[in-house]
Amino acid sequence: MRIDVYTPILLSLLLAAVSPMVSRRVAPALAARVLAVSAVLTAAATTWSLLLLAVTLIGQAPPVVADARADGHPLPEPVPGTIAVAATLALLLVVVRVHRAIRAEFGTRRALRTLCAGHPPDTELVVAASPVPQAFAIPGSGGAPGRILVTSALLGALEPAERRVLLAHERAHLTHRHASLATAVALATAADPFLAPVRTTVTFLMERWADEQAADAVGDRSTTARALARAALTTRRRPPSCALNFTDHAVTRRIAALQSGPPPHLWPLAASTLALGALPALGAADATGDLLRLLEHVLT
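Quick caveat: nothing in here was measured; it's all calculated off a predicted structure.

Some remarks on the pattern of salt bridges
If charged atoms from side chains of opposite charge come close, those side chains can pair.
Okay, so step 1: Tallied over the full model, the rule gives 8 salt bridges.
Okay, so step 2: Here R230 makes a salt bridge to E162, at a shortest N to O gap of 2.7 Å. In this pair, R230 sits in helix α9 (residues 221-234) while E162 sits in helix α6 (residues 160-175), placing the two residues 68 residues apart along the sequence.

Notes on the packing of aromatic side chains
Okay, so step 1: Across all of its chains, the model carries 0 aromatic pairs by this definition.
Okay, so step 2: Over the face of the ring belonging to F106 we find R109, whose NZ or CZ atom lies 5.4 Å from the ring centre.
Okay, so step 3: Over the face of the ring belonging to F204 we find R253, whose NZ or CZ atom lies 3.9 Å from the ring centre.

A short note on unusual backbone geometry
Residues apart from glycine generally show negative phi values, whereas peptide bonds are mostly found in trans.
Okay, so step 1: Despite not being glycine, R177 has its phi angle at roughly 55°, a positive value.
Okay, so step 2: Turning to its location among the elements, R177 is positioned in the loop between α6 and α7 (178-191).
Okay, so step 3: A residue is classified by how much of its surface remains accessible, and R177, at 63% relative accessible area, is exposed.

So, the sheet that holds strand β1 (residues 125-128)
Okay, so step 1: Strand order in the open sheet formed by 3 strands is β1-β3-β2, and the pairing between neighbours is mixed. On the outer flanks of this sheet lie β1 and β2 (135-138), each paired with one strand and no other. Taking each pair of neighbouring strands and ignoring which way they run, the sheet shows an average axis angle of 20°.
Okay, so step 2: Across 4 bridges, the pairing between β2 and strand β3 (residues 147-151) is antiparallel. Directly across from A137, in β3, lies its bridge partner I148.
Okay, so step 3: Each of β1, β2 and β3 touches α6; the most contacted strand, β2, lies at about 30° to it.

Here we look at a nonpolar patch on the surface
Okay, so step 1: On the surface, L10, L13 and F194 cluster together to form a nonpolar patch covering roughly 300 Å² of accessible area.
Okay, so step 2: Considering the arrangement of structural elements, one finds F194 in the loop between α7 and α8 (196-218).

Things to note about the confidence of the model for the protein
Okay, so step 1: When pLDDT is averaged along the protein, the result is 79; 74% of the residues meet or exceed 70.
Okay, so step 2: Note on residues 60-76: pLDDT under 50 across the span, and 21 contacts to partners over four residues away in sequence or across chains.

Digging into the packing of helix α1 (residues 7-25) against helix α2 (residues 28-55)
Okay, so step 1: Taken N-terminus to C-terminus, the directions of α1 and α2 make an angle of 165°; their axes are 9 Å apart at the nearest point. One finds that α1 runs roughly antiparallel with respect to α2. As α1 packs across α2, the resulting crossing turns out to be left-handed. Residue-level inspection shows P8, I9, S12, L15, S19 and V22 of α1 in contact with α2, the latter providing A31, L35, S38, A39, T42, A45, T46 and S49.
Okay, so step 2: When the residues that make up the contact of α1 with α2 are grouped by side-chain class, the tally is 8 nonpolar, 6 polar and no charged.

What counts and what doesn't
- Residues numbered from 1 in each chain as written.
- Predicted model: local features only at pLDDT ≥ 70, side-chain atom pairs only at ≥ 80, totals over all residues.
- Heavy atoms only, no water.
- Salt bridge = Lys/Arg side-chain N within 4 Å of Asp/Glu carboxyl O.
- Helix = DSSP H or I, 4+ residues; strand = E, 2+ residues; numbered from the N terminus.
- Phe/Tyr/Trp six-rings, centres within 6.5 Å; stacked < 30°, edge-to-face > 60°.
- Lys NZ or Arg CZ within 6 Å of the ring centre and 35° of its normal.
- Buried < 20%, exposed > 50% of the residue type's maximum accessible area, 1.4 Å probe, protein only.
- Pairing = 2+ DSSP bridges.
- Axes fitted to C-alpha atoms, helices over the stretch in contact; angles between N-to-C directions.
- Contact = heavy atoms within 4.5 Å.
- Patch = residues over 30% accessible without salt bridge, like charges linked within 9 Å, V, L, I, M, F, W, Y side chains within 5 Å.
- Areas by Shrake-Rupley, 256 points an atom, 1.4 Å probe, with all protein chains shown as cover.
- pLDDT = per-residue confidence, 0-100.
- Parallel < 35°, antiparallel > 145°, perpendicular 65-115°, else oblique.
- Left-handed = near helix turned anticlockwise from the far one by under 90°.
- Nonpolar A, V, L, I, M, F, W, Y, C, P; charged D, E, K, R; others polar.

Set out below in structure tokens:
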């Protein structure tokens, strides 16, 4: 318990450190999935470890201490009391952060869906009259299909072939449920702030993933890169942080990637990263067993 309970926190730092390397060397679709799953597993294990540390306060409660001493049991201290108190406060902060992240994610989706109100249910493309060039993929809800929201300013700035790239890019977000992936990583980061670099990497990878899908759909990587560059030059302000947007997230790197060939899958590196995400869960499970044995010793 003394070591295992801290393992998830240390491994979350390691996952954050290796995520940029994974994004450079593994195909975007595979890398995004692997990093997202690893982040969720790590965040869950980190939260559970905080809970385990907080639970050790039970063994330090006055009635428990008195009963243990009266029965002649030695009372081991699994972790210092100050660490247990700090873990309790951190756990409360996690609850607050996750609640705020949920409100932000679904608030953004609700706002985007409001902009599409009044259009027929089977309308895929919604054009909003706005001087701000933006495009969003809005996931479906309650059986309704997803929609693509594009402003008139962005459509007017693109050539016909580039518009096809834009629509193919946004359709890729809808087809592969990137919004759900983004939400999962956002909640993982809210639970474990050390995973913030992983969230940034996964967001970039989802855009790269959609770029590759668009390039395949139009059959021209140069046109895809040109559409992305033209759209980026017309953008004047950042979109909401919770939304996937065509013109945001390291555009220069995305254009450079389109001008080269598609990256290899590199399954061994992807598998190693997924294993790294599973290790915190194993550490948390071992720490749980230690704590249960300790509490059984103290309370019996």
